[in-house]
Amino acid sequence: MSIEVQFLTTSGCHLCDKALRLIKRSPVASMVKLESIDIADSATLIEEYGMRIPVLKAVVSGHELGWPFDEDEYQQWIESLLNK
């Protein structure tokens, strides 16, 4: 089973780079289909997420996990989405 997650980011975001490294090395990485979305492409996304990126957003449920988060928090978030 996998879960679709949007990774709200933008170029030059060092926190986004750090979060992406954490996500890719996580034990649950194989369960996640990650879609990167550059908020710079949308005024609406900039307004909503500009001060909060990186943010992970579950495609189906809309549940979000915003920075800062660590590997354990990320893994718990993914597991909670799989159990819904």
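Up top is the structure.
Given the structure is predicted, the values throughout are model-derived calculations rather than measurements.

So, on to the packing of aromatic side chains. Inspection of the entire model under this criterion finds 2 aromatic pairs. Seen in terms of ring centroids, Trp-67 and Phe-69 are 5.0 Å apart; in terms of plane orientation they differ by 75°. Their pairing is edge-to-face. Owing to a relative accessible area of 22%, Trp-67 belongs among the partly exposed residues under this scheme. Relative accessible area serves as the criterion here: at 4%, Phe-69 is assigned to the buried category. By the ring-pair criterion, three or more aromatic residues cluster together here, those being Trp-67, Phe-69 and Tyr-74.

Our next topic: helix H1 (residues 14-25). Helix length check: H1 (12 residues) gives 17 Å between terminal C-alpha atoms against 16 Å at 1.5 Å per residue, within 8%. Buried residues of H1: Cys-16, Ala-19, Leu-22 and Ile-23, and no others. Here the buried residues of H1 occupy an arc of 125° about the axis, which is enough to place them on one side. Exposed residues lying more than 90 degrees from the buried face of H1 are His-14, Arg-21, Lys-24 and Arg-25. The elements touched by buried residues of H1 are strand E1 (3-9), strand E2 (32-38), strand E3 (55-58) and helix H3 (71-82).

What counts, and where the lines are drawn
The numbers attached to residues start from 1 for each chain and follow its sequence in the written order. Where local features are concerned, this predicted model is filtered to residues with pLDDT of at least 70; where side-chain atom pairs are given and counted, the filter is 80 or more; whole-chain, interface and lining totals use all residues. Note that water and hydrogens are dropped before the side-chain values are worked out from all heavy atoms of the structure. We call Phe, Tyr and Trp rings a pair once their centres come within 6.5 Å, taking the six-membered ring for Trp, and we label the pair stacked below 30 degrees between planes, edge-to-face above 60, and tilted otherwise. Categorising residues by exposure relies on relative accessible area from a 1.4 Å probe, with only protein chains included: less than 20% of the type maximum marks a residue as buried, more than 50% marks it as exposed, and the intermediate range marks it as partly exposed. Numbering of helices and strands runs from the N terminus; a helix is a DSSP stretch of H or I covering at least four residues, while a strand is a stretch of E covering at least two. Each helix should span, by expectation, one fewer than its residue count multiplied by 1.5 Å. Regarding the arc, it is the one traced by the directions from the helix axis to the C-beta atoms. Any two residues whose heavy atoms approach within 4.5 Å are treated as being in contact.

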